[in-house]
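Overview (structure and organization)
Given next are the chains, with one letter for each unit.
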Amino acid sequence: MNRFKIGWLLAIQALVGCSTPLPPQELLQARSAYNAASKSAAVQLAPAQLDTAKQSLEKAEASFKEDGDDQSTKDLAYIAGVRAQVAVAEAGREQAARNKAKIDHDFRNSQLDALDSSKSQLEQEKAARASAEKARLAAEASLKELANVKEESRGVVITLSGSVLFATGKSMLLPIAQNKLAEVAKALSDQGYKSLLVEGHTDSQGSVDKNMALSQERAQSVRSYLVSQGIPSDKIRAEGIGSSRPVADNSTAEGRANNRRVEIVVEPNRK
Amino acid sequence: MRKLCLATIVLATACGGAAVPQETLTAAKAAVAGAEVAGAASEPKAALHLKLAKEQLAKAEKLIADGDNEEAAREVDRAQADADLAFSLAKESGAKKEAADTQEQLDRLRHRSK
């Protein structure tokens, strides 16, 4: 009861006593809005707007002290509350702009990265092509050292002299021929090709049938040896040509020697 | 002409009130226009403050017509604050949208280059 009475007295005193009127709703709201803004990112991101809000609130507080809760205090307090919200909004805008700038930066970097990686991919492919070409040229050069190599429309033709490969009238490879063919097989395996054709050729001495049979056996024995050296058997064929395709004059000893030969035709990959 | 000006001033002061808050009224109207251009009408919170600013401006003009310039000046000040807030909110929303759009582009780019 006593406490209740005191409460009323205080309330009446507050209303009547001109010393301390209650702050209007607008001022209370402005205070809390500024309080929130002053603890927000606006301190860093919108200091000017926050200062405007502060001055605005001080004006409202001064008006409240001077004139109490009349309309001008309420208006000033309303404005102060809005100014505090402006500071918060400007801080949000600044933060978004900074975020965007960072994302833009990342975007450009990602674009550059993508460009770099496609560039380096291109360079890698280029380097791979270059080294493949180099290997091919080296293989070709080593073939040229081993045998006579020429390019014809049917492919690269490697010509091995018959006297190096075989004894007269025989189709068994000489030991020195095996070494040579092993190197040919190695050089061939470094080169891309579709298939290989081994052709046996003879000079025109002796019967056609005999020459045909001999050339076939010789081609077969070269083929077998190359397969034993790792050339895939489904990629290599052997054929006897006999004496029907001489490359030199059969009337001289030198010409006949040149006609006794084995040709390996490297049939290229068609693209 | 000068006489007329004098007469107006005398009349205005004679009413016992303050002068017409012409300068701040013009500024507040410009602020409202600026907020509209910034897209305040399409962002709900900004639209609310844009509406308040316009209402306060209308009220201020009515008060001026009634000769109550002092109260009109305070309405104009409120309108200015609300127009400023509408502008800031619209710009904030626009900036956030731009950032989100850019982020989306970045995500797409990163996704594609994976």
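Since the structure is predicted, the reported quantities are computational estimates derived from the model, not experimental observations. (Residues numbered from 1 in each chain as written. Chains lettered and ligands numbered in written order. Predicted model: local features only at pLDDT ≥ 70, side-chain atom pairs only at ≥ 80, totals over all residues.)

**Quick notes on the overall build of chain B**
As a reminder, the rule being used: Here a strand is any run of E in DSSP of at least two residues, a helix any run of H or I of at least four, and the numbering for each starts at the N terminus. The exposure label follows from counting other C-beta atoms within 10 Å of a residue's C-beta, where the C-beta atoms are placed from the backbone and the thresholds are 20 or more for buried and 12 or fewer for exposed, leaving partly exposed in between. This entry defines residue contacts through backbone-placed C-beta atoms, with two residues in contact when those atoms are within 7 Å.
Scanning chain B for helices and strands turns up four helices and zero strands. Each helix and strand of chain B, ordered N terminal to C terminal, gives the series α-α-α-α. Each of the 114 residues in chain B was classed as buried or not, and the buried ones make up 36%. Contacts spanning at least 24 positions in sequence make up 72% of the contacts within chain B whose residues lie at least 6 apart.

**Some details on the confidence of the model for chain B**
All names here are of chain B. How we decide: pLDDT is a residue-level measure of predictor confidence that goes from 0 to 100.
Summing up the model confidence of chain B, the mean pLDDT is 87 and the portion of residues at 70 or higher is 83%. Mean pLDDT values over the elements of chain B span from 47, in helix 1 (residues 2-14), up to 97, in helix 3 (residues 44-65). Scoring of the predicted complex yields 0.58 for pTM and 0.81 for ipTM.

**Considering the interface of chain B and chain A**
The condition that has to hold: Side-chain classes follow a simple rule in which Ala, Val, Leu, Ile, Met, Phe, Trp, Tyr, Cys and Pro form the nonpolar group, Asp, Glu, Lys and Arg form the charged group, and the remainder, Gly included, forms the polar group.
Across the boundary between the two partners, chain B contributes 22 residues, which contact 23 residues of chain A. Tallied by class, the residues present in the side of chain B that touches chain A amount to seven nonpolar, five polar and 10 charged.

**Here we look at the pairing of strand 4 (residues 236-242) of chain A**
The two faces of the sheet receive side chains in turn, since in a regular strand these alternate between them. Residues and elements named next belong to chain A. The condition that has to hold: Pairing between two strands requires that DSSP report at least two bridges joining them. Every crossover in which the path from the first strand over the helix to the second runs clockwise, viewed with the strands pointing away from the viewer, is termed right-handed.
Every second residue of strand 4 is oriented toward a common face, the buried set being Ile236, Ala238, Gly240 and Gly242 and the non-buried set Arg237, Glu239 and Ile241. Here strand 3 (residues 195-201) pairs with strand 4 via six bridges, running parallel. By the bridge assignment for strand 4, valine 198 is matched with alanine 238. At this point the chain moves from strand 3, through helix 8 (residues 208-228), to the parallel strand 4, and the crossover so formed is right-handed.

**Observations concerning the sheet that holds strand 3 of chain A**
All names here are of chain A. How we decide: Here the axes come from fitting lines to C-alpha atoms, over the contacting stretch only for helices, and the angles between their N-to-C directions go from 0 to 180 degrees.
Strand order in the open sheet formed by five strands is 1-2-5-3-4, and the pairing between neighbours is mixed. Looking at strand neighbours, the two that pair on one side only are strand 1 (148-152) and strand 4, the edges of this open sheet. Within the sheet, the average angular offset between the axes of one strand and its neighbour, ignoring direction, is 20°. Here seven bridges tie strand 3 to strand 5 (residues 261-267), and the two strands are oriented antiparallel to one another. Bridging from a neighbouring strand, glycine 200 pairs with valine 262 of strand 5. The strands touched by helix 8 within the sheet are strand 3, strand 4 and strand 5, with strand 4 carrying the most contacts at an inclination of about 160°.

**Description of the packing of helix 7 (residues 175-189) of chain A against helix 8 of chain A**
Residue and element names in this part refer to chain A. What counts here: Any angle that is under 35 degrees is reported as roughly parallel, and any over 145 degrees as roughly antiparallel; angles of 65 to 115 degrees are reported as roughly perpendicular and all others as oblique. Less than a right angle of anticlockwise turn of the near helix away from the far helix marks a crossing as left-handed, whereas a clockwise turn marks it as right-handed.
Running from N to C, helix 7 and helix 8 cross one another at 60°; their axes reach a closest spacing of 9 Å. One finds that helix 7 runs oblique with respect to helix 8. Considering how the two elements wind past one another, helix 7 and helix 8 form a crossing that is right-handed. Across from Gln178, Leu181 and Ala185 in helix 7, the residues of helix 8 making contact are Val222, Tyr225 and Leu226.

**Examining the nonpolar core**
Considering soluble globular proteins, one finds that nonpolar side chains tend to be buried as a cluster. Stated precisely, the cut-off is as follows: We define the nonpolar core as any set of buried residues of the types Ala, Val, Leu, Ile, Met, Phe, Trp, Tyr and Cys, connected via C-beta atoms lying within 7 Å of each other.
Formed by 47 residues in total, the largest nonpolar core has its most connected members in Ala80(A), Ala87(A), Ala35(B) and Ala86(B). The set of elements that each furnish at least two residues to this core consists of helix 2 (25-38), helix 4 (47-67) and helix 5 (71-146) of chain A together with helix 2 (22-37), helix 3 and helix 4 (69-113) of chain B. Broken down by element, this core gets its largest block of residues, 12 residues, from helix 5 of chain A. Once residues lying within four places of it in the same chain are set aside, the contact partners of Ala86(B) are Ala35(B), Ala40(B), Ala46(B), His49(B), Leu50(B) and Ala53(B). Of all hydrophobic cores here, the second largest spans 24 residues; its members include Ala147(A), Leu181(A), Ile231(A) and Ala238(A).

**As for helix 3 of chain B**
Residue and element names in this part refer to chain B. The criterion, for reference: Expected helix span is given by 1.5 Å per residue-to-residue step, counting one fewer step than there are residues. Arc, as used here, means the arc of the directions from the helix axis to the C-beta atoms.
Here helix 3 is 22 residues long and its end C-alpha atoms lie 32 Å apart, about the 32 Å a rise of 1.5 Å per residue gives. Of the positions making up helix 3, those classed as buried are Ala46, His49, Leu50, Ala53, Gln56, Leu57 and Ala60. Angular distribution of buried residues about the axis of helix 3 spans 130°; they occupy a single face of the element. Turned more than 90 degrees away from the buried face of helix 3 sit Pro44, Ala58, Lys62 and Ala65, all of them exposed.

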